[in-house]
2 protein chains.
Amino acid sequence: MPQNPQIHLVSRPNGEPTADNFKLVTLDTPALQDKQVLVRHAFLSLDPYMRGRMNDTKSYTVPQPLNSVMIGGTVGEVVESRHPKFAAGDKVVGMGGWQTYSVVDADTPGMLRKVDTTHVPISHFLGAVGMPGVTAWHGLVRIIEAKAGQTLTVSAASGAVGSAFGALAKARGCRVVGIAGHFENVGGMVLDAVMLRMNHFGSIAVCGMIAGYNGEPIPLANPSLILVNRMKVQGFIVSEHPDDWPLALQELGALVGSGKFRPRETVAPGLASAPEAFFGLLKGKNFGKQVVQI
Amino acid sequence: MPQNPQIHLVSRPNGEPTADNFKLVTLDTPALQDKQVLVRHAFLSLDPYMRGRMNDTKSYTVPQPLNSVMIGGTVGEVVESRHPKFAAGDKVVGMGGWQTYSVVDADTPGMLRKVDTTHVPISHFLGAVGMPGVTAWHGLVRIIEAKAGQTLTVSAASGAVGSAFGALAKARGCRVVGIAGHFENVGGMVLDAVMLRMNHFGSIAVCGMIAGYNGEPIPLANPSLILVNRMKVQGFIVSEHPDDWPLALQELGALVGSGKFRPRETVAPGLASAPEAFFGLLKGKNFGKQVVQI
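Residues numbered from 1 in each chain as written. Chains lettered and ligands numbered in written order. Predicted model: local features only at pLDDT ≥ 70, side-chain atom pairs only at ≥ 80, totals over all residues. Heavy atoms only, no water.

Asker: So what exactly am I meant to see when it comes to the overall build of chain A here?
Answerer: Each helix and strand in chain A was counted, giving seven helices and 14 strands. For a compact globule of 294 residues, the expected C-alpha radius of gyration is about 19 Å, and chain A comes in at 19 Å, within 12% of that figure. Over its C-alpha atoms, taken along the principal directions, chain A stretches across nearly 60 × 45 × 30 Å. Within the span of chain A, comprising 294 residues, buried residues form 52% of the whole. At a minimum sequence separation of 6, the contacts of chain A that also span at least 24 residues come to 72%. Just so you have it, chain A exposes about 13300 Å², and 55% of that area is on carbon and sulfur atoms. (Helix = DSSP H or I, 4+ residues; strand = E, 2+ residues; numbered from the N terminus. Rg over C-alpha atoms; globule rule 2.2 N^0.38 Å. Buried < 20%, exposed > 50% of the residue type's maximum accessible area, 1.4 Å probe, protein only. Contact = heavy atoms within 4.5 Å. Areas by Shrake-Rupley, 256 points an atom, 1.4 Å probe, with all protein chains shown as cover.)

Asker: Explain the relation of the copies chain B and chain A to me, please; I cannot follow it from the model alone.
Answerer: One copy of the chain maps onto the second through a rotation around an axis plus a translation along that axis. Each copy superposes on the other: chain B lies on chain A with an RMSD of 0.0 Å after a rotation of 180° and an axial shift of 0.0 Å. Each copy turns onto its partner about a two-fold axis. Of the residues that chain B buries at the interface, 100% are likewise interface residues in chain A, meaning the two copies contact each other through the same surface. (Least-squares fit on C-alpha atoms with pLDDT ≥ 70 in both.)

Asker: What is the right way to read the side chain of Lys232(B) from this model?
Answerer: Relative to the helices and strands, Lys232(B) resides in strand 12 (residues 232-235). For the buried Lys232(B), no salt bridge is present, and the opposite-charge side chain at shortest range is Glu145(B), 4.0 Å distant. If we skip the residues at most four places from it in the chain, Lys232(B) touches Lys232(A), Val233(A), Gln234(A), Ile143(B), Glu145(B), Gly202(B), Ser203(B) and Ile204(B). (Lys, Arg positive; Asp, Glu negative; His and termini not counted. Salt bridge = Lys/Arg side-chain N within 4 Å of Asp/Glu carboxyl O.)

Asker: Help me out: how do you make sense of the interface of chain B and chain A in this one?
Answerer: As a measure of interface size, the accessible area lost when the parts come together is often cited. Between chain B and chain A, the contact holds 30 residues from the first and 30 residues from the second. Surface buried jointly by chain B and chain A totals about 2500 Å² across both partners, of which 66% is contributed by carbon and sulfur atoms. On the surface where chain B and chain A come into contact, there are two salt bridges. As a salt-bridge pair, Glu240(A) and Arg230(B) come within 2.3 Å of each other at their nearest N and O atoms. The interface formed by chain B and chain A contains six residue pairs in polar contact (both at pLDDT 80 or more). Every element with two or more residues in the side of chain B that touches chain A is listed here: helix 5 (224-228) and strand 12 of chain B. Sheet analysis places strand 12 (residues 232-235) of chain A next to strand 12 of chain B, joined by three bridges and oriented antiparallel. Across the sheet, residue Val233(A) finds its bridge partner in strand 12 of chain B, namely Val233(B). (Buried area = accessible area lost by both parts, 1.4 Å probe. Polar contact = N/O pair within 3.5 Å; in protein donor to acceptor, adjacent residues only side chain to side chain. Pairing = 2+ DSSP bridges.)

Asker: Hey, could you run me through the packing of aromatic side chains in this one?
Answerer: Any two aromatic rings considered together are summarised by their centre-to-centre distance and by the angle between their planes. Under the definition given, this model contains eight aromatic pairs over all chains. Aromatic pair Phe278(A) and Phe279(A): ring centres 6.5 Å apart, planes at 50°, arrangement tilted. By relative accessible area, Phe278(A) is classed as buried at 0%. Look at Phe22(B) and Phe279(B): their rings are 6.2 Å apart centre to centre, the planes differ by 40°, and that puts the pair in the tilted class. On the criterion of sequence distance, the pair formed by Phe22(B) in strand 2 (residues 22-28) and Phe279(B) in helix 7 (residues 274-282) is long-range, its members being 257 residues apart. Taking the relative accessible area as the measure of exposure, Phe279(B) reaches 11% and is therefore buried. Through successive ring pairs, a cluster of aromatic residues spans Phe22(A), Trp98(A), Phe278(A) and Phe279(A). (Phe/Tyr/Trp six-rings, centres within 6.5 Å; stacked < 30°, edge-to-face > 60°.)

Asker: Explanation requested: helix 2 (residues 131-143) of chain A in the structure shown.
Answerer: Side chains three or four residues apart in an α-helix point the same way, a direct result of the helix having 3.6 residues per turn. Residues and elements named next belong to chain A. With 13 residues, helix 2 should reach 18 Å at 1.5 Å per residue; the first-to-last C-alpha distance of 17 Å fits that figure. Among the 13 residues in helix 2, ten count as buried, and that is most of the element. Among all positions in helix 2, only Pro-132, Gly-133, Val-134, Thr-135, Ala-136, Trp-137, His-138, Gly-139, Leu-140 and Ile-143 are buried. The inward-facing, buried residues of helix 2 contact strand 9 (151-155), helix 3 (160-171), strand 11 (203-206), strand 12, helix 6 (244-257) and strand 14 (289-293). The first or second residue beyond helix 2 is Glu-145, which carries a positive phi of 50°. (Expected span 1.5 Å × (residues − 1).)

Asker: Explain the pairing of strand 10 (residues 175-179) of chain B to me, please; I cannot follow it from the model alone.
Answerer: One face of the sheet, then the other: side chains in a regular strand alternate in exactly this way. Residues and elements named next belong to chain B. Strand direction decides the pairing type here: strand 9 (residues 151-155) and strand 10, joined by five bridges, are parallel. Each residue of the ladder has a partner; that of Val-154, found in strand 10, is Gly-178. Each parallel crossover has a hand, and the one from strand 9 via helix 3 (residues 160-171) to strand 10 is right-handed. (Right-handed = clockwise from strand over helix to strand, strands pointing away.)

Asker: Where do I start with the confidence of the model for chain A in this structure?
Answerer: As a general rule, the predicted coordinates of low-pLDDT regions are not to be interpreted in detail. Here chain A averages 93 in pLDDT, and 97% of its residues register 70 or above. Note on the complex model: pTM 0.89, ipTM 0.87. (pLDDT = per-residue confidence, 0-100.)

Asker: Got a minute to help me understand the packing of helix 2 of chain A against helix 3 of chain A in this structure?
Answerer: A pair of packed helices is captured by two measures, namely the crossing angle of their axes and the spacing between those axes. Residues and elements named next belong to chain A. Their axes nearest at 8 Å, the elements helix 2 and helix 3 cross at an angle of 50°. Between helix 2 and helix 3, the crossing angle belongs to the class labelled oblique. Pair helix 2 / helix 3 crosses with right-handed handedness. Across the interface between the two elements, Pro-132, Gly-133, Thr-135, Ala-136, Trp-137 and Leu-140 from helix 2 touch Ala-160, Val-161, Ala-164, Phe-165, Leu-168 and Ala-169 from helix 3. Of the residues that constitute the contact of helix 2 with helix 3, the class distribution is ten nonpolar, two polar and no charged. (Axes fitted to C-alpha atoms, helices over the stretch in contact; angles between N-to-C directions. Parallel < 35°, antiparallel > 145°, perpendicular 65-115°, else oblique. Left-handed = near helix turned anticlockwise from the far one by under 90°. Nonpolar A, V, L, I, M, F, W, Y, C, P; charged D, E, K, R; others polar.)

Asker: Looking at this structure, I do not really get the environment of Gly257(B). What am I missing?
Answerer: All names here are of chain B. Looking at where Gly-257 falls in the secondary structure, it is placed in helix 6 (residues 244-257). As for Gly-257 and Met-209, which are separated by 48 residues in sequence, their C-alpha atoms are 30 Å apart. Not counting chain neighbours up to four residues away, the residues in contact with Gly-257 comprise His-119 and Val-120.

Shown next, in the form of C-alpha cells:
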C-alpha cells in the first residue's frame, strides 16, 4: 500500500491559528477491509468552518480531535475497491481530510459519492457544485425565499458561498449586491451596516460569521432593527438539510456545466501548503473557492 | 356637547420622556356628522409602543404629531350614534387616544368594535383580550410555533403581553419560564443571557425592545449564537397581522371568561395621571396591564 502524507491538528489556537497548530506526518495506508475503498485525493477543500472545529468549545459539532487528521472535504479517484458499487477509476467526493489518500467505509451512507466530471471540473464539486454551493442555495431558497425582482446583498461575495449565491440569485431574476474585499466582512461592522439599509420584512440567512472565528467579540450594534423592520434573522448548517442537496446540486451542476456560472478558484500547490492557504482563507486572501491540489 | 379633557404631545423627549412633553387641554366635543359615533372612554391603554411614537425618527409607523391628542387604545360606551350599527349604551373598543371622549368615523373598517362584557371586564379588552394578548398569541403561535412539552422563556413576564404569553403557552402544554422584576428586562442584557441558554433550533419572537426605547444603545453581545444554535430571530408588529386577531381574541376571551387566566391590572386614577403612569410603565413599575381610568 502507498505512503500517505497527512496533516494533523496537534494543538488548539489561542486566537489566530498558526503553523505550530499543525504537523505533517506520513503513515502507511492500511490494507482494505471488506466494503472499503481507497481514494487518491486530487483536491482538498478549505472552508471557514474548519476554524470552529479547531476550538474545544461548544459549537454545532464535536471539536476536531488532537493528533489526528484534520477534517476536510476531498475529491479524487478510486484506486482500489472492495465495495461492489465502486471501481478503480471512479471520480468521487467525500470527507477524506487533509491527507493524500483515504480509506473509506463505503457502506456508510453519505461517506462517498460518485461524480460526473464530463462537464464540471472535479474541483468544483468542493465549491460551486458542493457544500458551499448548497449552502448558498439553502440560504437563498429556504431562508430568504427569494423572488424575482428583489434586491439581495451577500457578504464575502467573491468566496465560494457568495459567488454561488450571486449566480443562483441572478438565475431567479434578483438584483444582487455583493460585498467583497481583502478584509474580513462576514458579521461585525458589515452586518451592522447592511441591517441599517435593509427593507421592511427583509430576511438574513446566517451561514457563517468568520469575523468572530478567532474569538473576537462581534456584537450586533442595533438588534432593535429586527423589530422596527420586522426582519427575520436565521442561522443554519447545510449538513442538517440533506433533502436539499440533490435539488441544489442539480441546479448548480447545470449552471456550471452550461457555462452560465464560471466559478473562480484559488489553488494552493501541494498538501504541505494547506495550513498557509487556510490562514489566507480566514483573512479573505483567496478569490473564489480555496482548494489545495494534492 | 360635553367638554372633552385631553392630553396633547407638545414636545419630543430627549431620552426619558418628562411631564413637560405633555399638556392637558380641554376642548368642546364637536357635533356628530353622519356615520359618526360619540364614545365616552372608560379606560385608556398605556403601552410601550407609545414611546416610539413620541420620536421623530424612522420606525414602523409615522410619528405622533405634536400639539394633538396622544394616540392610544380605549374602551368605553357609546353616548350618541349617527351610525346604524352602533347605539347608545354599546360597549366598544377603539383607538380613541388620551382623552375623555372621541368622535369616531364608524364606517372606517377597524375603527370601532363592539365587545361583550358579560364574562370579561371591559378593561381587559385593552390587555389580555386585546392588542397585547394578540401580540403574545402571534409570537407564540406564528413565530415560535410552540408545541406541547417545549420550554419557553418570556421577559417582562408580569406585563400585559408576557402574562398572556404565559397563559397561552400553558394552555398548549408548554413549560414557561417568566422573567420579571422592577427593572427593564426586554432586550439588552436579559436577551443576551437568554440566548446563551437556548437550545438548538430555538426561536425568538421580538415584539418589543423597551430597553432601547429611550435611545440607549442595546447591542446584542453574541449574534454568532444565531448560527451556532441555528436560531431564528424574528420581529413582528401585531397590527400587520389582522387575520390572526379573531382567532386569538376568541381563545383569549375564552381563557379569561372561564377564569383559567385571571389577568392582573394596574389602574391609574384619572386622565391627568396618564403621563406619570406611562413613565412608570417604561420602568416596569406596573404589574400586569397598565390602564388609566377615565
